[in-house]
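Residue-level listing of the chains:
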Amino acid sequence: MSDTPNERIEASLVRLESDTSTLNNIVHGPEGETVPTESGEVPTVHELFRQIGEHVGAVTTAAAASAEQARVSAVSAAESANVAANQVNVATAAAEAAERSAQAAEQSVAAATGQVTAAAESAQQARASASTAAQVANQAQQAAQNASQKADTAGQAAATADQKATAAGQAAAAANQKASSVVANDGAGMVPFDSSISYPAGSVGKALAAATQASSSVDRIVSSLGELKSLTGARAAILNGVVYNLDEEDDSSAESFPYLVVSNDGKRWKWEVPSVITARMFGAVPGISADNTAAIQKAIDYCLSFTPAKSLVISERYRIAATLMVDNPVDASAGEFYLIGVNGGGFYVNTAITLFSSRLPYGSFGALKSPSSEYLHFDKIRFEASDRALNAYVVSDKFLRLTFESCQWRNIKCLQSADYIQSWAFTGKNLMRRHQGIFLNATYGYDVNIQDVNFEISGSGFIFDQFVNVIRMSGLYENSDGPFFRGGANTGTFEKLYFEMNGSPELDITGGATIRISAHFHLDQSQVIPANDHWPIVLGQYVDAVTIDGCTSNGNICNNSAAPAFSVRRGTNTAGHLEFRTNPLVDTTMAAAGTNQATATPITREYCLVLSGGAGNGVRLPSADTKARYSPITVQNRTASTITVYPAPNERILGNGTNAGMPLTSGATARFVWQNGDAWANF
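Described in the following lines is the structure provided in the data block.

### Overview of the sheet that holds strand β7 (residues 268–271)
- The sheet built from 5 strands is open, its strands ordered β3-β4-β5-β7-β6 with mixed pairing. At either margin of the open sheet sits one strand with a lone partner, and together these are β3 (220–222) and β6 (260–262). The mean angle between the axes of side-by-side strands here comes to 30°, regardless of whether they run parallel or antiparallel.
- Pairing geometry for strand β4 (residues 236–239) and strand β5 (residues 242–247), over 4 bridges, is antiparallel. Bridged to L239 within β5 is V242.

### Notes on the nonpolar core
- Grouped together as the largest cluster of nonpolar side chains are 92 residues, with contacts concentrated most on F347, F356, F378, F383, F404, W409 and F426.
- In this view, F356 contacts I300, T323, L324, V326, L339, F347, F378, F383, V394, V395, S396 and F399; residues no more than four positions away in its chain are not counted.
- Membership of the second largest hydrophobic core comes to 17 residues, among which are A592, I643, I653 and L664.

### Observations regarding the environment of L368
- Positionally, L368 belongs in strand β16 (residues 368–370).
- If we ignore the near neighbours within four places in the chain, the residues touching L368 are G363, A418, D419, Y420 and Y444.

### Quick word on the pairing of β4
- Inspection of the sheet shows β3 paired to β4 by 3 bridges, in the parallel sense. Opposite V222, over in β4, you have L239 as the bridge partner.
- The hairpin formed by β4 and β5 contains 2 residues between the paired strands, and N240 there has a positive phi angle of roughly 55°.

### Digging into the pairing of strand β14 (residues 354–357)
- The sheet contact formed by strand β11 (residues 324–325) and β14 spans 2 bridges and is parallel. Counted as the bridge partner of M325 is S357 from β14.
- Pairing analysis gives 2 bridges linking β14 to strand β19 (residues 393–395), with the strands arranged parallel. Bridging across to β19, T354 finds its partner in Y393.

Rules behind the numbers
Residues numbered from 1 in each chain as written. Predicted model: local features only at pLDDT ≥ 70, side-chain atom pairs only at ≥ 80, totals over all residues. Heavy atoms only, no water. Pairing = 2+ DSSP bridges. Helix = DSSP H or I, 4+ residues; strand = E, 2+ residues; numbered from the N terminus. Axes fitted to C-alpha atoms, helices over the stretch in contact; angles between N-to-C directions. Core = buried A, V, L, I, M, F, W, Y, C linked by side-chain atoms within 4.5 Å. Buried < 20%, exposed > 50% of the residue type's maximum accessible area, 1.4 Å probe, protein only. Contact = heavy atoms within 4.5 Å.

Below, the structure is given as structure tokens:
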């Protein structure tokens, strides 16, 4: 019994793999030569290209463009051949398509190029027909090679290749469509080389890949500036996500990375303005080793050169060694400038710097400096310092209308300012962790919005030495020193706050006209802080019109002993042993006396107004070792003289020696907090 057509094709495959030497001669041989095979003399690929070029001369005039078309179409044809022959290799599929019949191959050629008239009756004719059918593609080239080496005649194969002919016709039509725009424009708009295209297994695939790579002269993706500078034979390339085009008419412009790059052979690569700007485009190197200050500063300046400003995407973690400047003038209608973090992108510091400020000079606000740059918006940025002991900050007080949205903070603080801030917002679940000291400290504030933050394992929160005009605050505060707010508030809304295992107080409201405290939960750390010593909320003597409603605590909730009794309205609050401290712990008639530690008037209340006493007279703090350790002591000098505040015997006030007194000038207020077994801290 004679072999079936499929068995003959499989035998052809075996013989093909063993015939690599002959195949290489066919693929790489020069024009004008043929290679002897079992079926007779077979022209080389280059000779076939020359013959095909004569047939399709009316379609294309550029020999190089035709070669490129053939190569690109070859890839599509190779894939179609793989499907047709159950993933064997490109050669077999194309051969089967060619073997359907010489007439079918001729029709495929006509569909692809419209001009080929010769029907393949031999292996050489079948291969040429298939090549032309794939728009001088490698698919057709493989078909011709396989047909010439492995098929007896195209006519014999025609009876057994019915199902495969359809695949060849489809491949030819696809190749013709891909090539139409190239041919119509004399080779212009050539499809770029795609380095991701896979080639079939075996020696044929290897030879095809090598030949394709060697002849490629089209667009590339490069991984470094050096690679772009050394690139030859290409008109366009991509570096760091930016498209660079070769300007062959420019031979004099100076290099200005990233906008213009001069290659090693003196040519000019110019970037296409990207719609999305990233730090890496400007040479930033991800990680914590390289200093990326200059690269990111250039990216910021570029984004701000547009009106409105372009956003800057930070997709990696970048180390910064010096302050970055954002110059977006106040009331100049420049629009909001966004720094957007993706994939955990952000900034890392290992020195005590402020990450962001401005070169624009301060304005004035009475005796205070006023912000000069505005509309800076951090979105999902990660801020991190190498050590929580570093005095590293994220921003200066030069910014007006500043927003932190869903940012992460680790070992780093936000601001230290002796002036004021205005229209700052923390929104969208900011996470602050492991900083030491005060997170945000300013003298005054106006319109501060702190919403839904997570504040954990950290120091103090938002401290205003005088007052903030309007503040809104919510969020979660755990395992931290506190307070999370301290200062006066003309209008303050503190709602939906959760407090757990913190120092006392958690809210220290020194004054204000309209204060609402609602829907809080306070969990005492009662095993460490005695119940009578932990007061989550402390109200100062200058507080007026306070409402406390809907709060829950497992211990005390509010020490309003310094506030006027009529100013506090208590709503429905629940606790295990809820108490609003109303017993007077304010000494409003204290007199400074004595001239040394032993004879000074002892302090027995938490808030002391010193109304009388002369120069050199003093008051004496209780022992730091026995005093309720989470209840601060406030001393206000209402006399006309400078008095002295002494520690208890053999103790000290930090910054002074043991038993040494601290001067307190007329009109000044000092606040003392227990620090350790023998010392008070004054702040």
